[in-house]
Amino acid sequence: MSDMNFRHLLPFYLDETDEQVIALNDALLKLEEDQSDAPALAVAFRIVHTIKGSSAALGFVQVNLLTHHLESFFDILRSGQCTLDRESLNLFFRCLDELRSYHQQLRETGETEVDFGELVGLVQKNLERVRNGGSSSGESGDTDAGNDTSSVSKSESGTKANRAEKPSKADESARVDVRSISIDDTDSAVEVVARFEDDVPLPDMKARLIAKRLSALGEILSSVPSLEKLDDVAELTTISFRLATDASTEELSKAANMSGIASLDIRRPKASAAAPASSAAKPAPAAKSPERPKEEKRAADRTTEMVEAVVEPNGIEAETPKAGTEDKPANVAATAETQVSISSDQAEKPAAPKEKPAAKEKPAAAGKSVGKVGETVRVELERLDHLMNLTGELVLSKSRFVQVSAALRENLDSPSRRLQTSDCLDRLAAMRTAIEAIAHGGTDAEGMAHRLLEEVGSLSEEVESMTRELGRARRARASLEDLGEAVHQLTRVCDGLQKGVLDTRMIPIGPLFERFRRVIRDLSHATGKEFVLKISGESTELDKRVVDELADPLVHMVRNAGDHGLESPEERERLGKPRAGTISLSAAHSGDRVTITVSDDGRGIDPERIRRKVVENGLVDATTADRLSDRELIAYIWHAGLSTAERLTDISGRGVGMDIVRSRIESLNGTVDIRTQVGVGTTFIIRLPLTLAILPSLLVRVHDEVYAIAVDHIREIVEVTEDRVHHVHRSRVIEIRDRIVPIVSLDDLFVWGGGAYGASGEGESRDENGHARRVVVLHSADEMVGLEVDQLMGLQEVVLKSLDKNLGPVDGLSGASILGDGRVSLILDVDRLMEMAADRNRPKRAVAV
Amino acid sequence: MDAISANDARPDGHSAPKAGKPAVSTIQFVGFRLADVDYAFEIRRIQEIILLRPITRVPQLPEWIEGLINLRGSVIPVVSLRRRFALPERPNDDETRIIVLNVGTRTVGVVVDGVSRVMKIQPDQIQPPPVTIDAIERAALQGVARMEDRLIVILDVDKLLNSENWAAVDLPSSSS
């Protein structure tokens, strides 16, 4: 494997190995109790083998070497050639401990120089001894082991002490910070602090120049401000470098000195140890400009921010700043830096306020420092599943929010009512004047008109209050806008959350692929053939569950390729192919699917051979077999009756059959295709969804129910009129671009409790209707079937819920999902539906022929 | 749960005369109606009682499975006891409830005409079901108990609902 993937895969390697080491410990403990515990031996063997494989993949030669010898050891023990004795067991435990500390160190520092050489020698010696059944040499071996491990652990603790040294200078609790901030902080670092003259032109250029000159003398570990961020620093007055160098102070000062530099301070490591307390307390007396406190406060805030971002605030931070604040606030920020580069304090002090951006620079620079391995947390998959479910729920409630807010808007949005009321008011006013006119007419009419006037007056008041009410409604509409915005925001967060949760489940397929090196090796031993394994796309990420489920089918396919697909070396030579057959495993993303291919450059699948087999095995009669196309014949390799019969060799015969391979992949909502050419090779193409939990689907309505169809299985959607539907042997077909596609309805395929859907013959009447039907053209492998639906409801990502938990598997359904309105919709199992469609026609065809 | 707590008050009045007996052996049941017959489930098997909600029909299942409902994000099947016992169909009304039961590891809903009350019954009050009842149905009956003037049919939740694989059982003949 290339170095390119090294860093990327290291966390996975470490996590896995940690787990393996724990398991190995368990196994060894079991062996200690019962030294003939065969299962425990097998486990130990497997673990050591796994570590060996993965360490080789990542280039940890030492681990690889040690585990290689341990593997041989366990192999011999396993085979019963000799028995495990206490001496060997002790040695194993020692190896285990060494492996553990090796990886621990690796995790902490990103590298390790532990040499297992002697330990390996011991294992070898012990192996020899055990083989010979003697124990005399073992005595010396054991003492050797003692010496050796102690020396190893001494060097180990040496490095540990080395690492611990620095933190202990400051504060024990500061250890975490120090390490995470600058791992490469060695005690040999020399501090070069250059202060520029005021108003020097282009200080950043000069800083870079100094950096260039200094780098000729040694390695620049870090700088404050960091060189990359120089452009962002508003006013550069000081720059300090930390150098790993052997150069003398004179050489350094000569290199760094140039015009525009006010002072140059070169500090050797010794000074740094003594510096912190005094420097923190020592105030910079000058430059107490009035705006300073504010500046400093801000700087101090920033520092706090930074400290919080770093793992934990520590003792030195909490105390020294206090000492500093008493006489001079500026030191708050300055001392915070002591944890990184203590000696830089004094030099920075005169320019402290302006220097502050540097404090922000620090973590960034630290983040870049090499070595620290990205930390990971192992989480039970069940918890993630639970989280996934909750997220699914959240997504559902979100879509309900969306619906509710849309409905609210629709109902509140009635500007016409406002018009209506104002119109009412106008009319009332008109009436009032009319009545007033009457009132001036006669005496009797006068009393009447007055009553009417009162009536009209109260009416107008009412209408006015209605208007006010409407005004409130209008304001409510404005808040509705806010609601809409909030919902929109919620949607965004939901989507992000969902994606984030999904991402946590993603693991690279690499480790799974790597396992095949072993499979291939075994295969080579068993068959006497030569193989080359090519792996590509190992960083492709897939849902953990998919990867787990994929292991068995892949193993079977690879074994199959090696056992049946590839020719013997002699035969290959005769054919002009390289002696070693190539088996390739590759993975790649394509959209929201992952394509995994397993291919070989062997003999390919001969349709004629399958033709013979299917007849021999009584799957098809000879006449029918003669009429089968090559493609149809090759599809028979998925047939249980064929695969088991043909593949009873001891290699591929003992795993799962090809029929199981396919059903496993289909159970992951995946598909598998074969491309094969006689004499050239065979390629299996597996297409899988990235995750099982969420399925991009088309929602369709059939009768009263809404069904979800995985988008991956949909080829296209067409509208056809009745006259374009042809009847061929009682099955209905349509033509889509010259290809004849059978169409079915769910009524044809599904049996509803008690009979037809709704038991009302609704389906029939629909058939009579001459107008356009919507047909969703489904595809699985190379087959196409059109499914009639009543209505297309749109695309949606649905959260897959298994029916198995509370109900059980239902033929033709792959699960259920909950829609935005809270109702349950059924997810159609397209592969199965297409089989059902075919089965449905089969007996009819048999009658017809 | 509302239904239970609402009815909780009533049984106290009803079973007051029996309250004097040792409570150790009594079992609590929740009574419900189905075609004017009183039935009961043991209370500890009941997860909750909910109002009727939209049921999604599912193909390939025996007709007495009404379909699926969404119970706070879980998809659970709902059984029609009327159809299970071949009782005449009746439209659902305000009284119709779904009793959610725990059956083994499953959660299953049962549609009933209405939930009546919680009652305490002592095991010795329960008599075996009459032999005239159809054998298959009888298997699902735990027994019959007399409560005042009424006979209560006590159902055995496990025998009634815990067939291993519903999808495979009782499928109409056209399943092939």
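Heads up: the structure comes first, above all this text.
One structure accompanies this document, and this report is about it.

The rules behind these values
- Residues numbered from 1 in each chain as written.
- Chains lettered and ligands numbered in written order.
- Predicted model: local features only at pLDDT ≥ 70, side-chain atom pairs only at ≥ 80, totals over all residues.
- Heavy atoms only, no water.
- Salt bridge = Lys/Arg side-chain N within 4 Å of Asp/Glu carboxyl O.
- Helix = DSSP H or I, 4+ residues; strand = E, 2+ residues; numbered from the N terminus.
- Buried < 20%, exposed > 50% of the residue type's maximum accessible area, 1.4 Å probe, protein only.
- Contact = heavy atoms within 4.5 Å.
- Buried area = accessible area lost by both parts, 1.4 Å probe.
- Polar contact = N/O pair within 3.5 Å; in protein donor to acceptor, adjacent residues only side chain to side chain.
- Nonpolar A, V, L, I, M, F, W, Y, C, P; charged D, E, K, R; others polar.
- Expected span 1.5 Å × (residues − 1).
- Arc of directions from axis to C-beta.
- Phe/Tyr/Trp six-rings, centres within 6.5 Å; stacked < 30°, edge-to-face > 60°.
- Lys NZ or Arg CZ within 6 Å of the ring centre and 35° of its normal.
- Pairing = 2+ DSSP bridges.
- Axes fitted to C-alpha atoms, helices over the stretch in contact; angles between N-to-C directions.

1. Details of the pattern of salt bridges
Residues and elements named next belong to chain A.
Item 1. As enumerated under the stated definition, the model contains 34 salt bridges over all chains in all.
Item 2. Residue Asp548 pairs with Lys544 through a salt bridge whose shortest N-O separation is 3.1 Å. Of this pair, Asp548 and Lys544 are both found in helix α22 (residues 544-565), 4 residues apart, which corresponds to roughly one turn of the helix.
Item 3. Residue classification places Lys544 among the partly exposed positions, given a relative accessible area of 31%.
Item 4. Close ionic contact of Arg823 with Glu705 constitutes a salt bridge, the shortest N to O distance being 3.5 Å. Here the residue Arg823 occupies a position in the loop between β21 (813-818) and β22 (824-828), and Glu705 occupies one in strand β13 (residues 705-710), the gap between them amounting to 118 residues.
Item 5. The class of Arg823 is partly exposed, set by a relative accessible area of 27%.
Item 6. With a relative accessible area of 3%, Glu705 lands in the buried category.
Item 7. Sharing partners across several salt bridges, the network here consists of Glu722, Arg732, Asp748, Arg773 and Glu788.

2. Some points on the interface of chain A and chain B
Item 1. Each partner contributes to the interface: chain A provides 26 residues, whereas chain B provides 29 residues.
Item 2. Summing both partners gives a buried area of about 2400 Å² for chain A against chain B, and 59% of it is carried by carbon and sulfur.
Item 3. When the buried surface of chain A facing chain B is broken down by residue, Val751(A), Asn806(A) and Leu807(A) rank first, second and third, together holding 31% of it.
Item 4. Scanning the region where chain A abuts chain B turns up 0 salt bridges.
Item 5. At the boundary of chain A and chain B, one finds 8 residue pairs in polar contact (both at pLDDT 80 or more).
Item 6. If you list the elements that add at least two residues to the side of chain A that touches chain B, you get β21 and β22 of chain A.
Item 7. When residues of the side of chain A that touches chain B are assigned to their parent elements, the largest contribution, 3 residues, is made by β21(A).
Item 8. A per-class count over the side of chain A that touches chain B returns 15 nonpolar, 5 polar and 6 charged.

3. Re helix α8 (residues 203-217) of chain A
Residues and elements named next belong to chain A.
Item 1. With 15 residues, α8 extends 21 Å from end C-alpha to end C-alpha; this agrees with the ideal 21 Å at 1.5 Å per step.
Item 2. Those residues of α8 lying buried are Pro203, Lys206, Ala207, Ile210, Ala211 and Leu214. The buried residues of α8 all sit within an arc of 145 degrees when viewed along its axis, so they share a single face. Exposed and facing more than 90 degrees away from the buried side of α8 are Met205, Lys212 and Ala216.

4. Brief notes about the packing of aromatic side chains
Item 1. Taken as a whole, this structure holds 9 aromatic pairs over all chains when the rule is applied.
Item 2. Among the aromatic side chains, those forming a connected cluster through ring pairs are Tyr13(A), Phe60(A), Tyr102(A) and Phe116(A).
Item 3. Seen from the ring of Trp64(B), Arg84(B) lies directly overhead, with NZ or CZ sitting 4.4 Å from the centre.

5. Side note on the sheet that holds β13(A)
All names here are of chain A.
Item 1. Ordered in space as β20-β12-β13-β22-β21, the 5 strands form an open sheet in which the pairing is mixed. At either margin of the open sheet sits one strand with a lone partner, and together these are β20 (791-799) and β21. Neighbour-to-neighbour, the strand axes of this sheet turn through a mean angle of 35 degrees, independent of strand direction.
Item 2. Across 2 bridges, β13 lies against β22 in parallel orientation. Following the sheet pairing, Ala708 is matched in β22 by Ile827.

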